[in-house]
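Below, each chain spelled out in residue letters.
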Amino acid sequence: LKKTRETFVFAGIHLKAGGDARSMQTRWGQYRKLENLVQEIGTGRMILLGDFNTTGYNIRNEDYTRFSQFLDASG
């Protein structure tokens with residue numbers, strides 16, 4: 001921000017699509033990598049934009065649970 005001289009990192013992402021077990025496993029690995037990146041950059045300093053492909057969100061399956069855990073871990 002110009003006024004406060006704070007800096008932010010923006011990342012455009014497109015995680016693995018698909019609701020099958022293999023696709024979800026790949027996506028969960030991507031969550032871990034993003035968690036590490038957010039922790040490295042600093043919570044509140046990184047803004048992630050894009051398609052998380054949370055195919056289990058509406059039915060609240062394990063994919064939804066993992067996505068929620070990712071959000072909690074990333075602040």
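Structure first, text after, so check above.
Figured I'd write up the structure that's included with this text. (Residues numbered from 1 in each chain as written. Predicted model: local features only at pLDDT ≥ 70, side-chain atom pairs only at ≥ 80, totals over all residues. Heavy atoms only, no water.)

Right, let's get into the overall build of the protein. Counting its secondary structure elements, the protein contains 2 helices and 2 strands. Among the 75 residues that make up the protein, the fraction classed as buried is 29%. Taking as baseline every contact in the protein between residues at least 6 positions apart, the subset at least 24 positions apart corresponds to 62%. By element, 51% of the accessible surface of the protein is carried by carbon and sulfur atoms, the whole surface being about 5300 Å². (Helix = DSSP H or I, 4+ residues; strand = E, 2+ residues; numbered from the N terminus. Buried < 20%, exposed > 50% of the residue type's maximum accessible area, 1.4 Å probe, protein only. Contact = heavy atoms within 4.5 Å. Areas by Shrake-Rupley, 256 points an atom, 1.4 Å probe, with all protein chains shown as cover.)

Using the criterion set out here, one finds 3 salt bridges in the structure. Glutamate 6 is the salt-bridge partner of arginine 45, the closest N and O atoms lying 3.1 Å from each other. Taken together, the residues span a long stretch of sequence, with arginine 45 in the loop between α1 (21–41) and β2 (46–51) and glutamate 6 in the segment before β1 (9–14) at a distance of 39 residues. (Salt bridge = Lys/Arg side-chain N within 4 Å of Asp/Glu carboxyl O.)

Let us look at the pairing of β2. Pairing of β1 with β2, which is carried by 6 bridges, proceeds in the parallel orientation. Bridged to phenylalanine 10 within β2 is isoleucine 47. After leaving β1, the chain enters α1 and then returns to the sheet as β2, a path that is right-handed. (Pairing = 2+ DSSP bridges. Right-handed = clockwise from strand over helix to strand, strands pointing away.)

Let's shift gears to the side chain of arginine 27. Relative to the assigned elements, arginine 27 resides in helix α1. Excluding anything up to four places from it in sequence, arginine 27 contacts Leu15, Lys16, Ala17, Gly18, Phe52, Asn53, Thr55 and Asp63.

As a further point, take the packing of α1 against helix α2 (residues 62–74). Put simply, α1 and α2 touch, their axes get as near as 9 Å, and they point 5° apart. One way to sum up the angle between α1 and α2 is to call them roughly parallel. Across the interface between the two elements, Met24, Arg27, Trp28, Tyr31, Arg32, Leu34, Glu35, Val38 and Gln39 from α1 touch Glu62, Asp63, Arg66, Phe67, Gln69, Phe70, Ala73 and Ser74 from α2. Residues of the contact of α1 with α2, tallied by class, amount to 8 nonpolar, 3 polar and 6 charged. (Axes fitted to C-alpha atoms, helices over the stretch in contact; angles between N-to-C directions. Parallel < 35°, antiparallel > 145°, perpendicular 65-115°, else oblique. Nonpolar A, V, L, I, M, F, W, Y, C, P; charged D, E, K, R; others polar.)

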